[in-house]
Amino acid sequence: MAEVLLNKFSALSPWTQYIWGSSTSYCLYWKSLPTMPHPVVLCLSLAALPGLGMGASLCLSQQFKAKGDYILGGLFPLGLTEEDTLNQRTQPNSILCTRFSSLGLFLVMAMKMAVEEINNGSALLPGLHLGYDLFDTCSEPVVTMKPSLMFMAKVGSQSIAAYCNYTQYQPRVLAVIGPHSSELALITGKFFSFFLMPQVSYSASMDRLSDRETFPSFFRTVPSDRLQLQAVVALLLNFSWNWVAALASDDDYGREGLSIFSSLANPRGICIAHEGLVPLHATSVQQLNKVFDVLQQVNQSNVQVVVLFASPRAVYSLFSYGIQQGLAPKVWVASESWLTSDMVTTLPNVARVGTVLGFLQRGAELPEFPHYVETHLALAADPTFCASLNAELDLEEQVMGQRCPQCDHVMLQNLTSALLQNLSAGQLHHQIFATYAAVYSVAQALHNTLQCNASSCPASEPVQPWQLLENMYNMSFRARNLTLQFDDKGNVDMEYDLKMWVWQSPTPVLHTVGTFNGTLQLQHSEMYWPGNQVPVSQCSRQCKEGQVRRVKGFHSCCYDCEDCKAGSYQKHPDDFACTPCKHDQWSPEKSTGCLPRRPKFLAWGEPTVLLLLLLLCLVLGLALASLGLFIHHWDSPLVQASGGSRFCFGLVCLGLFCLSVLLFPGRPSPASCLAQQPLAHLPLTGCLSTLFLQAAEIFVESELPLSWANWLCSCLRGPWAWLVVLLAILVEAALCAWYLTSFPPEMVTDWLVLPTEVLEHCRMRSWVSLGLVHITHAMLAFLCFLGTFLVQSQPGRYNRARGLTFAMLAYFIIWVSFVPLLANVHVTYQPAVQMGAILFCALGILATFHLPKCYVLLWLPKLNTQEFFLGGGPKEAADGSSSGGDSSGAQ
């Protein structure tokens, strides 16, 4: 038998080792257990365990009660009932729990060890002893209510009396430890809260239990499910798993967990492909169909990650049928309730489900716990010890029945094996410590209520259960080397360890691969993935930089990637729309940021401006050369016939007209915008007014009677002619003043015209106002054209009308072309168009009117006579013409 036991232990874990033995005893040595900081030696005395491994009767259940000054009630999952038993129940009779749960027994041992430590120590409740009364819940509400009623029975009786006021009511227990599941805690929590009986659960984690209005006396030594699900969301985000399935057990625990997960996941960009509820039992056809539907959804979807927030029974049903139906391997993110459940981990071929990850709260180490359990198991098999317990009459069992009948008929060898296996796999440590800490929390509250000092607790009347609550709210207490504190909702804030199932035997071993204390920290080197690659669970690929998501369908995680257009950018990787740049910024396509806009205007160094400046130099040089030539030949008939001083004044105005183009290049300013049109139009008016006088003189000489012609010509050639020039300039000045007053051009900064630059330019407010400014020029040019176009030239004389006619044609052609060109050209180049119009207009007048006269002065001086320009005999004129060559070339 010894060899069989030894071989059994050695197969349980790679950390166990046989170190010595004899015919009556064997010892085992745990080396480097994950849940134990120091090696542990456990010795089994075979002599003290008669019938070991043969299913001999034990007296474990008789150790579930101990007397004391204050009694703590305990609710533990020691057994399981068959579903058929519940379905066939027609009377409110007792429920028989047939199956045994080793987990519940180990939790009982944790509570017993904590109570004995407190009683044997002096740090808490010196001089007082705690007792306990522990019962099986059978993991069923109908079973749990019976011991709950017994706990609330009055001391010395077996019934609950009805009172108007329960302030002085003294129940049998001071506080209740347990139960283990949230489903049971929802029922007992409301019941005990009516009496304000303190209840500290070591495993119930539903967030609903934090409601102080409904559960004012409920506390727990595990965090709320909300914190666990926050850790789950952080895990999914870390691996970019944003396309997942979410399954839950079809009970209060699962439905609430699924709801919380959805509320946490959706705002973080995690899409739930589908949700499903798994029945707790899969015995009926209807329940089996539900399980198959869930499996089909998971198998047919392209999700690789499934969040399974469920109780162990539901997971057992799902995995057992999933393995039979060939469930594709997935990454399962487990809730704490089934991550360590032996009901799930011992399923045949459970490794086929894939990778399992989950969070477990961290607690302090209890290295002596295995030895404590071994000792009490040995006592349970000792007939002498059991006989001493039988001598004591248990009054509660007269009403409740035996506390745990199945506990007394288990294989002791199997119990020890289960303990070794679960401890070595790291599966029980967190629940054992939570139970241990729950006892210490009640003891600390009683210690504070009694105002105990280091040596004793002052004698006083017995403490009522409700009196503990005031001291338990926001209370700090120590359990081993760890300080815990209840918050105002009765929860404790504990760190989580991220566990991963690692297959080293038929059942998995839990390896720590990360921690969560508000932020997730992973140990990637400790993780084991299929093919050494982290699975990908995304509906759509990640968009590249400069792309946003265009959602297709109902899920935000299913999308097409769309490039951000110029002028917009991708602000965040998960954006669904491009963010427009600010008005002073720009961006190219597929950009992740914006660049500042540079100012744009008609700069001096641009090629267009340089060409126009060269043209300006040409036109201005010709005008100055003509002016100098005319001044040099001031007394010649050609200059006098052209008007003399008025002719030179017109050339000066033409030069000023050309110089006005210098106002258009460069960065505009309000002053330059106001000065551009007046300084261009006033000189042009002066030039055209002198040409108008010459046209009028030619018309008078040719078309009017001689008596009128002599008088009018003397007026047009005398000082009165300057009044016409002055009047034209004054009219134009008035129009410019009206233009600047009513429709002043303004310097604007246009952010919309150019995609990458900001355009600074002078904006014209009204086309009509610009036309009115040009009306003086147009009228003068039109009159000049009419006065010269129909004039008949006299043979042998210089045809002055022809030059004026062509000059006015050049004026009209240029300015008529200017209007549509200015209207259609890009606003950036409008100043260049105006510069070109001014220079070509000046060049046209010079080329058609002034330069031919310069040609005569320089190359045909013989024609520069009184008769040719001012009149003479036809014959002389004809002779002069024949001697000078073809007169048409000089005209």
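Starting from 1, residues in each chain are numbered consecutively following that chain's sequence as written. Only residues with pLDDT of at least 70 get local features here, since the model is predicted, and only at 80 or more are side-chain atom pairs given and counted; chain-wide, interface and lining totals rely on the full set of residues. Computation of side-chain values: all heavy atoms of the structure, hydrogens and water removed.

### Section: the overall build of the protein
Stated formally: Helix numbering and strand numbering both begin at the N terminus, where a helix is a DSSP run of H or I of at least 4 residues and a strand a DSSP run of E of at least 2. Two residues form a contact once any of their heavy atoms are found within 4.5 Å.
Along the protein, the regular secondary structure elements total 29 helices and 30 strands. Considering only contacts within the protein whose residues lie at least 6 apart along the sequence, 70% involve residues at least 24 apart.

### What to know about the nonpolar core
The test is simple: Residues belong to a common nonpolar core when they are buried Ala, Val, Leu, Ile, Met, Phe, Trp, Tyr or Cys residues joined through side-chain atoms within 4.5 Å. Exposure categories follow from relative accessible area, calculated using a 1.4 Å probe and restricted to protein chains: below 20% of the type maximum is buried, above 50% is exposed, and the middle band is partly exposed.
Of all hydrophobic cores here, the largest spans 70 residues; its most connected members are Met111, Leu125, Leu130, Phe369, Leu446 and Leu450. At the level of secondary structure, the elements contributing two or more residues to this core comprise β5 (70-76), α3 (102-120), β8 (130-136), β9 (175-177), α12 (369-380), α16 (429-449), α17 (465-472) and β17 (476-479). When near neighbours in sequence (up to four residues on either side) are disregarded, Leu450 contacts Tyr70, Leu125, Leu128, Cys457, Pro458, Ser460 and Val463. Of all hydrophobic cores here, the second largest spans 60 residues; its members include Leu627, Val639, Leu804 and Leu839.

### Description of the packing of aromatic side chains
For clarity, the cut-off: Here the aromatic set is Phe, Tyr and Trp, taking the six-membered ring for Trp, and pairing holds for ring centres within 6.5 Å; pairs whose planes are under 30 degrees apart are stacked, those over 60 apart are edge-to-face, and all others are tilted.
Under the counting rule described, the total for this entry stands at 34 aromatic pairs. Between the aromatic rings of Phe630 and Phe647, the centroid separation amounts to 4.2 Å while the plane-to-plane angle is 65°, which identifies the pairing as edge-to-face. Here Phe630 is found in helix α18 (residues 607-632), whereas its partner Phe647 is found in helix α20 (residues 645-659), with 17 residues between them in sequence. Considered together, Phe630 and Phe647 belong to a single accessibility category, that of buried residues. An aromatic cluster of three or more residues is present, and its members are Tyr163, Tyr166, Tyr169, Phe191, Phe192, Phe194 and Phe195.

### Examining the pattern of salt bridges
Formally: Salt bridge criterion: a side-chain nitrogen from Lys or Arg within 4 Å of a carboxyl oxygen from Asp or Glu.
Using the criterion set out here, one finds 17 salt bridges in the structure. A salt bridge links Glu606 to Lys600, with the nearest nitrogen and oxygen atoms 3.0 Å apart. For Glu606, a relative accessible area of 15% puts it in the buried group. Accessibility expressed as a relative area gives 17% for Lys600, which makes it buried. Each of Glu117, Glu368 and Arg480 takes part in salt bridges that share partners, so that together they form one network.

### As for helix α5 (residues 182-194)
Using the following cut-off: To estimate how far a helix should reach, multiply one less than its number of residues by 1.5 Å. Note on bend: the value at a residue is the angle between axes fitted to the seven residues ending there and to the seven starting there.
Between the first and last C-alpha of α5 there are 18 Å, a value that for 13 residues agrees with the 18 Å anticipated at 1.5 Å per step. Where α5 bends most, the angle comes to about 25°, and this point is Thr188. Downstream of α5 by a residue or two, Leu196 has a phi angle that is positive, lying close to 55°.

### Focus on the packing of helix α8 (residues 285-300) against helix α9 (residues 312-324)
Quick note on the threshold: Here an angle of 0 to 180 degrees is reported between the N-to-C directions of two axes, which are lines fitted to C-alpha atoms, with helices fitted over the stretch in contact. Angles are sorted into four bins: roughly parallel if under 35 degrees, roughly antiparallel if over 145, roughly perpendicular if 65 to 115, and oblique for all others. Each crossing gets its handedness from the near helix: less than a right angle anticlockwise from the far helix is left-handed, clockwise is right-handed.
For the pair α8 and α9, interaxial distance at closest approach is 10 Å and the crossing angle is 70°. One way to sum up the angle between α8 and α9 is to call them roughly perpendicular. In this structure, α8 crosses over α9, and the sense of that crossing is right-handed. Residues Leu288, Val291, Phe292, Val294 and Leu295 of α8 touch α9, and the partners they reach there are Ser317, Leu318, Tyr321 and Gly322.

### Considering α8
Convention followed: The directions considered for the arc are those from the helix axis to the C-beta atoms.
End to end, α8 covers 22 Å across 16 residues, agreeing with the expected 22 Å (1.5 Å per residue, within 8%). Leu288, Val291, Val294, Leu295 and Val298 are the residues of α8 that are buried. Along the axis of α8, the buried positions cluster into a sector of 125°, meaning they face one direction only. In α8, the exposed residues that point more than 90 degrees away from the buried face are Val285, Gln286 and Gln300. Where α8 is buried, its residues contact β12 (243-249), β13 (271-278), β14 (305-309), α9 and β15 (330-334).

### Observations concerning the environment of Lys565
By secondary structure assignment, the location of Lys565 is in the loop between β23 (559-563) and β24 (568-569). Spatially, the C-alpha atom of Lys565 lies 7.1 Å from that of Pro588, the residues being 23 residues apart in sequence. Not counting chain neighbours up to four residues away, the residues in contact with Lys565 comprise Ser587, Pro588 and Glu589.

### What to know about the state of the cysteines
Defined simply, a disulfide is a covalent bond joining two cysteines at their sulfur atoms. Rules: Defined by distance alone, a disulfide is two cysteine sulfur atoms within 2.5 Å.
As enumerated under the stated definition, the model contains eight disulfides in all. Across a sulfur-sulfur distance of 1.9 Å, Cys404 and Cys407 are joined as a disulfide pair. Residues Cys404 and Cys407 are joined by a disulfide whose S-S torsion is about 70°; by sign, that bridge is right-handed. The pair Cys404 / Cys407 is uniform in exposure class, with both members buried.

### As for the environment of Gly490
Secondary-structure assignment places Gly490 in the loop between β18 (482-485) and β19 (496-503). Note on Gly490: relative accessible area 0%, which makes it buried. On a C-alpha basis, the gap between Gly490 and Ser210 in space is 6.7 Å, while along the polypeptide they are 280 residues apart.

### Looking at the sheet that holds β12
Applicable threshold: At least two bridges found by DSSP between two strands are what make those strands a pair.
The strand order β13-β12-β14-β15-β16-β19-β20-β21 describes an open sheet built from eight strands, whose pairing is mixed. Strands at the two margins of the open sheet, each flanked by one partner only, are β13 and β21 (520-522). Strand-to-strand, the axes of this sheet are offset by a mean angle of 30°, without reference to chain direction. As judged from the eight bridges shared by β19 and strand β20 (residues 508-516), these two strands associate in the antiparallel manner. Residue pairing for β20: Asp497 is matched across the bridge by Thr515. Its contacts with the sheet put α9 on β12, β13, β14 and β15, and the angle it makes with β14 is roughly 145°.

Geometric descriptors of this kind do not, in isolation, establish any biological role.
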